[in-house]
Each structure stands twice: as C-alpha cells, then as structure tokens.
Amino acid sequence: MNFKIIPLGFLLLVLFALSSCKEDTVETAVKGDIIITAVDLTGLPLVGVEITSEPSTTALITNENGQAELNDLPQNIYKINALKPNSNAEETLYGSVPVHIKSDTLVIVDLVMLTAPPPPYDPFITPASFTLESPAQDATFPLGESVGFFARSSGGASIPVLNASWESDVDGLLFQEIIGAVGYTHFHTNTLSVGAHEITLTVTDTEDNVSTIVRNINIVPVSAPSPVTLQALTSTQSGFNLNWSEYEEEDFAQYKIYRKTFLDEFELIDSISDQTITSYQDKDLPFNVLYQYQIGLEDVNGYEANSNTEYAIHEGIFIDLNIGIDIEVQLYSMIVDPERPYIYAIDRNNNKLFFINEDSMAVTKVMNLTEEPTDLDINLENTKLYIAQFGSNQIRIYDLETQAYDGNLIVEESPFRIACLADNKIAFNGANEYNSIQMVDVASGEVFGETESIHDPGLLSTADQTQLFVTETNSPNASIFTFNIVDDAFLPIETSSGVSNYETRDAVLSGDENHLFFGSRKFNSSGFGSGIGLFDEPIYACNFDGSIAIGEEFIWDATSFSVIKPMPLNSNIMVMDKDYSNLYIYSNETNKIYLIDVSEY
C-alpha cells in the first residue's frame, strides 16, 4: 500500500491572508481528501466496488478505473471498507484499510480486495503486529502464474512508519516498501522459481520492534499441454499435405512442424501462430525418401507437447537409368507399331530413323533420312511408315514388313506434321504461323482438299483414320477442329470455343477414343465444351479408357485430376505400347528409352 501526502500550504496561506483582512478572525477547520483504488491480489482495478467508511461518510461505487473519492473529510482516523458482492458465480470480495486525516492532505491508497472479511480494527495494538492473509500456507502455484502477497497491520495508529521486507529462501529478496502504521503491505510476482519456497515477511517499526511471519508455498512446473493428433499424410505433386486436430485451449502459442528422414533427428521446418490453421504443405522434396512428421503444440508458458508421428515415402517410380534402350542420339518423336513388336523413332538433328525391337529392347536397324524429320505415322493397313521431311518437300515412305525405303511423296509445302487417313491419303501442314491443312493421295501424289488457316496446328487421326483432329496452338483463342474425310475433302464436324493458349502442338487420344488430351486439359472427343478437367501440366500419354494421364512430371488420376505418382524422369517424348499397359519414355539426359509399367495405376 502506498500513501501520497500532498501539502495544501499554498491554500492555507491564501486562506490566512484572506482571514487576516477581517477584524474578527474565524479559525477554519482542517479537512482532507481520500482517493481509493480497489484492486485484486494481482493488482488489477475492480469496477463496481461499494465503498463506505467508519465514521460514516458518503457511500460510493468505484468507477471503470476502480476508483472512488471521498472529499472534505474532517481530521480523524477513518476505516475505509470495501465490498464487491457476489456476481456471475464470482466470490464476494472484501477490503478494509484505516486512513488518518491529520491535516489538509490528499491521501491516495490502493485497497486490496480479498475473499475473507477483514478482522476488527484496533488502532492501538503493537505497531509491528501483522497478519499475513495471502498466500495460504502450503499453497501450490504453476510456474509463471502471478502470486499475490498481502499482509495487514493489526493497528498502531500512533506509530507513523513501518518497514516491510519480503524474502524467499530460494530467490532472495522479493519486495521492500515503507508503509504507514495503519496500512498493509502488498505485491505480486510471476517470477518465482520452481521448488518449495519459505517466504518470510519482516516488519520493523521506528522503535525497532520486529514482527516476522513465515509462509511456505510451492511453485511447480506447468504440465505440458494436450497434444494434437496428426492425420495420415497425403501425397502432393512435390511433397505431402499435413493435417491435424485443432488445439482448443486458451493458452495456445503456436503449432510447430517437425520433419526427419532416416537416421536424422527431427528438425523444426516451420511454425504457425494462428490457432485455426491446422494444415501445412511440405514442398519440393526429393523422391524415394522416407519422411516422418510431428506437430508440436506450444502453450503461452513455453511448454510443448508433440503429436503422434506419421510417415510416408515421397515415392516416384524407380528405374535403373543404366538399363534402357541406348539410342546414342537425341530423339524427336516416337510411334509404336500396332501389330509388330517395334517402336519407330526419328532423330531430327542427325536425320536418322530407328527400328527398335520391343522384345529384345534394342535398336535393330538405323536408316538415313534426308532433311529434318519432324513427324511420323502408319497407314490404316499397317504396311507403310510415313515420315515428314520438314527440310524438304518430301514425305518419305518405308515398308514395315521389309523395313526398307519405299519412295517419296512430293508436296508443294515442307511438311511439318502428318496424319494418315483412310483411302490411302495423308493429311499434312507446314510450319508457318498460319497453315491450312491439305491432303495428298499416296497412289497418285495429287494434293487436294484444304482447310482454313489454323495457327501452328497439330494433327491426330482416329484408329479407322476417317476422322481428323486439328489442334491449334500459340493463339489467344486456340481451338480444336474435327473433320470427317468425305469425297477427298475436309468436312467440318465440330470446332471448340477457345480452349487456351497451349504451347504443346500435339494431342493424345485415349485407346477407346472417347477422350482427347490437349495441353493440360481433358476433353470428351465429341462435344468439347471447355473440357472435363484441368491438370497442372501438359499431358503426353494416357491409358486405354483415359482414366490415367501422364505428363512430364507426374502420373495423374484423370478422373479426380490428382497426382498418383511422380515420374522417375522428366520428358515429353513418350508413347504407350499397343496394350496400353507399358509406357516407353525417352530421356535426353541419357539418350535412352525406358520401359515403365503403368498398368497398376
């Protein structure tokens, strides 16, 4: 408790001057003011406390600052009483403090409220006689909690000064103050160390009378908060999604995300201070590594509880990069023979055609081409292989039975993309920014039939080669065009609305021909609309029914559009085998073709 005495000397001088001007001097009575602040044991002000006094003065209620003010009190010893009635299941609080008005003064006092009524006040008991009212003997407090200490003088109005000192046998001196003989000593602290404390209050008056009170209390470690529950990990394109239960207590400080790999210790990789956020995505993780995760829950006292451990392998498809079909050069495109156990591949830079046996997984023949091969396709009868020679005006022909050169088709424009059509025809286009699609009759060499100009088109025919898909790229309103081949002409069937500005020129058709994959979208092969769904990367191959799609980085579930597995290597040169269970993928880092079984997906 702290009293502040403010002299009113200046006011007395003024009053004296005024009174001396009169012939009959009247002596003015001494009066004083008291400002009371009602507080709890932690020092917080209390609103709505009823203030009365003995002898009786004005009854007051403390304001929003916990204060009430008594004015113009004649000199006397006043007992100030305080009462905060029971409300909302809170206990009734009591307080009492004596205040001596001896001259024209302003007395400011903190009045500590307790759950027990104060004892009767006697101003003439030995001054050093004190009662320690808080904390209770052998009370236990969690580490970091504020502990309130309060001792009340039992009297001694004639002795003006008392010295109070609080000490702990563990932490040493805790608090000291000089108080009035009719007051009390009070402080609170949250810095006590863990352990059993013997608290000693020593009060000494001006005549060296000493009163000592000993109180034992215990400070115990705060127990760790309840841990959250980490759910099973879910794979993403580049790592894992983590989800856990929300911590619901008010002492939340932060979630802490821990990760470890085999033989390593858990390390903190991130933290979240928002209690409502209970998910986290760990990205850019290497493949084929076992990862373990825990979620730490830290409370405001710095205590932490860790969740259960969940683990999973960020697994790609493992392949031995030493085992593959060695091409020794960089390939540009591949196609699978629908009947024979062969893959045909072209090297644009070195003008080569490769015959690759699927059974022996080896290159069995290499043929020299002329100028820049850029595309290849097989006719409906599966007898001829046609290769677009972009560096010339030729479409080169090979007999698939004999694997021998079988002549050229001469066209007016350098062919960049080709697609075989029924009735022994071939559709082709150049590589200008805008191109019309033309067709050539293989038997006669006659070129006829022409579409409108299409921006950077790619060509793809159905299995019966009676229908042609033309995909448009690098255009703000890129579209997909479908044509039937009728009477040596392109008969438009359907044109999609703008489907996006795709940079991948070529589309992929599912084995059952019900779905078309173009760029990063999946479409119905008829009734394109805006597509069925969208992937996060372009698609270069798919399975028979279009339920599995394959891009450079991932194998996708083409129904839910979610990642199944990451690819073991990145490439956009790939082709499905005729049984739609094996994928041949070329790596330009090793110049090898690898076989991946995708049937299990």
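As the structure is a prediction and not an experimental result, all values here were calculated from the model.

1. What about the overall build of the chain?
- What the chain contains, in helices and strands, is one helix and 53 strands.
- Within the chain, buried positions represent 48% of all 601 residues.
- Sequence-distant contacts, at least 24 apart, represent 50% of the contacts inside the chain between residues at least 6 apart.
- Surface summary for the chain: the accessible area is close to 28,400 Å², and the carbon and sulfur share equals 47%.

2. Some points on unusual backbone geometry
- Here the amide bond leading from Glu54 into Pro55 is cis, since omega sits at -5 degrees, within 30 degrees of zero.
- When you line up the elements, Pro55 lands in the loop between β2 (50-54) and β3 (60-61).
- With omega at 5 degrees, the peptide bond leading from Ser134 into Pro135 counts as cis.
- Relative to the assigned elements, Pro135 resides in the loop between β8 (130-134) and β9 (139-142).
- For Asn424, which is not a glycine, the phi torsion comes out positive at approximately 65 degrees.
- For Asn424, the position within the fold is in the loop between β33 (417-421) and β34 (425-429).

3. What about the environment of Asn582?
- Topologically, Asn582 is positioned in strand β52 (residues 582-587).
- Here Asn582 falls in the buried class, since its relative accessible area comes to 17%.
- In the structure, Asn582 is positioned 17 residues away from Ser599 in sequence and 6.9 Å away in space, judged by C-alpha atoms.
- For Asn582, the residues in contact, after removing those within four places along its chain, are Val575, Met576, Asp577, Leu595, Ile596 and Asp597.

4. Observations concerning the pairing of strand β50 (residues 562-566)
- Pairing analysis gives four bridges linking strand β49 (residues 554-557) to β50, with the strands arranged antiparallel. Opposite Asp557, over in β50, you have Ser562 as the bridge partner.
- Between the antiparallel neighbours β49 and β50 lie four residues, among them Phe561 with a positive phi of about 60 degrees.

5. Describing the pairing of strand β7 (residues 106-112)
- Taken across its seven residues, β7 has five buried, putting it largely inside the fold.
- Summarising the sheet, strand β1 (residues 31-39) and β7 pair through seven bridges and their orientation is parallel. Within the sheet, the bridge partner assigned to Thr37 lies in β7 and is Asp110.

6. Brief notes about the sheet that holds strand β20 (residues 279-282)
- Taken in spatial order, the three strands make up an open sheet running β16-β17-β20, and their pairing is antiparallel. The open sheet is flanked by β16 (234-235) and β20, the only strands paired with a single partner.

7. Regarding the nonpolar core
- Ile34, Ile36, Val49, Ile51, Ile80, Leu111 and Met113 are the most contacted members of the largest nonpolar core, which has 25 residues in total.
- Elements that contribute at least two residues to this core include exactly β1, β4 (67-74), β5 (76-84), β6 (93-101) and β7.
- Once residues within four sequence positions are removed from consideration, Ile34 is found in contact with Ala68, Glu69, Leu70, Leu73, Ile80, Val99, Ile101, Leu106, Val107 and Val109.
- Within the second largest apolar cluster, 19 residues are counted, among which are Leu162, Ala164, Val203 and Ile213.

8. Here's the deal with the sheet that holds strand β39 (residues 458-461)
- Ordered by their spatial adjacency, four strands build an open sheet running β39-β40-β41-β42, and the pairing between neighbours is antiparallel. Each of the sheet's edge strands pairs with one partner strand only, and the pair in question is β39 and β42 (489-495). Each neighbouring strand pair of the sheet contributes to a mean axis angle of 30 degrees, computed without reference to strand direction.
- Bridging between strand β41 (residues 480-486) and β42 involves six bridges; their strand directions are antiparallel.

9. With respect to the pattern of salt bridges
- Applying the stated criterion across every chain, the model contains 14 salt bridges.
- Measuring nitrogen to oxygen at the nearest pair gives 3.2 Å for the salt bridge that ties Lys578 to Glu358. Taken together, the positions of Lys578 in the loop between β51 (574-576) and β52 and Glu358 in the loop between β27 (352-357) and β28 (362-368) put the pair 220 residues apart, joining distant regions of the chain.
- Asp506 is the partner of Arg417 in a salt bridge, and the nearest nitrogen-oxygen pair spans 3.0 Å. With Arg417 in strand β33 and Asp506 in the loop between β42 and β43 (508-509), this pair connects stretches of sequence that are 89 residues apart.
- The class for Asp506 is partly exposed, based on a relative accessible area of 34%.
- Several salt bridges converge on common partners, so that one network encompasses Lys256, Glu298 and Glu304.

What counts, and where the lines are drawn
Residues numbered from 1 in each chain as written. Predicted model: local features only at pLDDT ≥ 70, side-chain atom pairs only at ≥ 80, totals over all residues. Heavy atoms only, no water. Helix = DSSP H or I, 4+ residues; strand = E, 2+ residues; numbered from the N terminus. Buried < 20%, exposed > 50% of the residue type's maximum accessible area, 1.4 Å probe, protein only. Contact = heavy atoms within 4.5 Å. Areas by Shrake-Rupley, 256 points an atom, 1.4 Å probe, with all protein chains shown as cover. Pairing = 2+ DSSP bridges. Core = buried A, V, L, I, M, F, W, Y, C linked by side-chain atoms within 4.5 Å. Axes fitted to C-alpha atoms, helices over the stretch in contact; angles between N-to-C directions. Salt bridge = Lys/Arg side-chain N within 4 Å of Asp/Glu carboxyl O.

Purely spatial values, then, with no claim about function.
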